[in-house]
Amino acid sequence: MLSTAEIKSLIASGEGYNVEFKRNIPNKVKEVTEEICAFANAAGGTILLGVDDNNVIQGITFNNAKHSALQNSINEITPALHCEIYPLEVDGKELVLIEVPSGESKPYVLSGAIYVRQGPNSQKLTTVEEMRDFFQQADRIYFDEAPCKTIDIVQDIPDANIIQFRDLAGLNSTISNEQVFQNLKLITKEGYLKNGATLFFAKNPETFFEKAVIRCIAFDGIDKRYIVDDKTMAGTLYQQFLQAMAWLKTKLNVRYDIEGVGSQPRKELWEIPETVFKEAIINALAHRDYYDKGARISIEVFTDRVEVSNPGGLVSGIPKNEFGKRSLSRNPLIFGLFERIRMVEQVGSGISRMRDLMVEEDLTPPEFNTEGIFTVTFRRPFDFDKWVDKWVDNLTDNRVGIIRAIHKDNKVSKRELEDIIGLSPTAIDNNIDALKDIGLIERMGGAKGGHWKINYILP
């Protein structure tokens, strides 16, 4: 059982991947049991009843009837799961602490459903694909939860990296580093640092995981024949992110808005919104398949585009038609640590945010390849109208109209093109086939989940 001081430090650290607060015991006690089931299917965790979302102790009344109702609800989890339930008093207020182990007989099921922990949230698996992915992960254990048996916590974890994380996460300075690691459950019960913690805090994580780096390459042209810069970003995952962003800034056009600045720093305006790259790089670091030891995250800059790629395609638990709407992580511990330092926001919203930002800047929407190597392509800005003008004498008005419609929305359907261009389905098909034959457009993916790609070649 945790001491009063440990409970206070846990509360001060706030909610996260391994910690959940409840202001009250819900009338439907199953809401608590769902969280317990989710923790058991992940790395375990702690639930505190009587603490609100602002980390303030409110206290609750926990009598025998409520204790019995909670225990009866936990008993509905199969296979049987033993949790420690402790009523206790902190600062004169009654709390209830529930310690949930990482189950050894996954999956744990409640009322026929599987619940899992994703970052600071719990979610119910509702599709066959989600369940299949869970079973695959449960069979080999999440990479970031596995022990890193070769690291020396004292020698290989510099205080500076912990201090940086604490500052970014806004953790109370009275909590010791050791207690932070315990609160975040970064150490296995055998005393080993977990892989995810090694990647987040080690001085040189690449000495333990050689390919856990970002390779940044700039090319002169639209293909890979002429390399003009090639750098590898190492260090903690957060440090890799900072280095990659700094490198990208030197390769892209960045201007400054100096009007009305006063004493404020100049506002940087990237040719492709900076936030788009932040989303893409954090997504790659948090969701890559670290079991794949033969590939690295890569950022490739061409004269016409930027590609961000990471090992591992779309997590099998996410159907293609749900891509960008839902999120499952291969590395929930790493995802939770990024959430702690406010680098990820609403689960599943990053893809739509990238699309929205590109469209707002009148840029081509990002293109996603989810097979094998997950790749997102961002088209660099250029004068589209001038490019189209070069094709005017070679193409009919209808075909120019189709290209313009695809440039505006690369997910436009054939049915929508019929309305935009004013042609029959057969005529649309014939014109699209002609554009494909020329090599100007191609279809990426199927009719429902795919998109159009324009090849910006000159006539």
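The following refers to the structure shown. (Residues numbered from 1 in each chain as written. Predicted model: local features only at pLDDT ≥ 70, side-chain atom pairs only at ≥ 80, totals over all residues. Heavy atoms only, no water.)

Quick look at the overall build of the protein chain now. Helices and strands together make up the secondary structure of the protein chain, namely 16 helices and 20 strands. Dimensions of the protein chain, computed from C-alpha atoms along their principal axes, come out at roughly 85 × 50 × 50 Å. Per-residue burial over the protein chain gives 51% buried out of 459 residues. Considering only residue pairs separated by 6 or more positions, the protein chain has 66% of its internal contacts joining residues 24 or more positions apart. Total accessible area on the protein chain stands at roughly 21800 Å², and carbon and sulfur atoms take up 47% of it. The centroid of the 55 positive side-chain charges in the protein chain is displaced by 2 Å from the centroid of its 66 negative side-chain charges. (Helix = DSSP H or I, 4+ residues; strand = E, 2+ residues; numbered from the N terminus. Buried < 20%, exposed > 50% of the residue type's maximum accessible area, 1.4 Å probe, protein only. Contact = heavy atoms within 4.5 Å. Areas by Shrake-Rupley, 256 points an atom, 1.4 Å probe, with all protein chains shown as cover. Lys, Arg positive; Asp, Glu negative; His and termini not counted. Charge placed at Lys NZ, Arg CZ, Asp CG, Glu CD.)

Going through the model one piece at a time under the given rule, you end up with 23 salt bridges. Measuring nitrogen to oxygen at the nearest pair gives 2.4 Å for the salt bridge that ties Lys249 to Glu268. Remark: Glu268 occurs in strand β14 (residues 267-270) and Lys249 occurs in helix α9 (residues 237-251); sequence separation between them is 19 residues. Linked by salt bridges that have partners in common, Asp304, Arg305, Glu307, Glu367 and Arg379 make up one network. (Salt bridge = Lys/Arg side-chain N within 4 Å of Asp/Glu carboxyl O.)

The next subject is the packing of aromatic side chains. This model, assessed by the stated rule, comprises 14 aromatic pairs. Their ring planes at 20 degrees and their centres at 5.4 Å tell us that Phe143 and Tyr290 sit as a pair that is stacked. Remark: Tyr290 occurs in the loop between α10 (274-287) and β15 (297-301) and Phe143 occurs in the loop between α4 (128-140) and β9 (147-148); sequence separation between them is 147 residues. There is no split in this pair, since Phe143 and Tyr290 are both buried. For the pair Phe200 and Phe201, a centre-to-centre distance of 6.0 Å together with 50 degrees between the ring planes defines the contact as tilted. (Phe/Tyr/Trp six-rings, centres within 6.5 Å; stacked < 30°, edge-to-face > 60°.)

A separate point is the sheet that holds strand β17 (residues 367-369). In spatial order, the strands read β12-β11-β15-β16-β18-β17; together these six strands make up an open sheet with mixed pairing. A single partner strand is all that each edge strand has here, and the edge strands are β12 (227-233) and β17. Geometrically, the sheet is characterised by an average inter-axis angle of 15 degrees between neighbouring strands, direction not taken into account. Strand direction decides the pairing type here: β17 and strand β18 (residues 373-379), joined by three bridges, are antiparallel. For Phe368, the partnering residue across the bridge sits in β18 and is Val376. (Pairing = 2+ DSSP bridges. Axes fitted to C-alpha atoms, helices over the stretch in contact; angles between N-to-C directions.)

What follows deals with the side chain of Asn410. Tracing the backbone shows Asn410 in the loop between α14 (397-408) and α15 (414-421). Assessed through its relative accessible area of 4%, Asn410 is described here as buried. Every residue in contact with Asn410, bar those within four places of it in the chain, is listed here: Pro365, Pro366, Glu367, His451 and Trp452.

Counting 68 residues, the largest nonpolar core has Phe201, Leu248, Ile299, Phe338 and Phe378 as its most contacted members. With eight residues, α10 is the largest single contributor of residues to this core. Formed by 25 residues, the second largest nonpolar core is a distinct cluster that contains Ile25, Ala40, Cys83 and Tyr115. (Core = buried A, V, L, I, M, F, W, Y, C linked by side-chain atoms within 4.5 Å.)

Moving on to the sheet that holds strand β3 (residues 77-78). Taken in spatial order, the four strands of this open sheet run β3-β6-β7-β8, and their pairing is antiparallel. Pairing within the sheet leaves two strands with one partner each, and these edge strands are β3 and β8 (121-125). Note: β3 against strand β6 (residues 109-110), two bridges, orientation antiparallel. In the strand pairing of β6, Ile77 is matched with Leu110.

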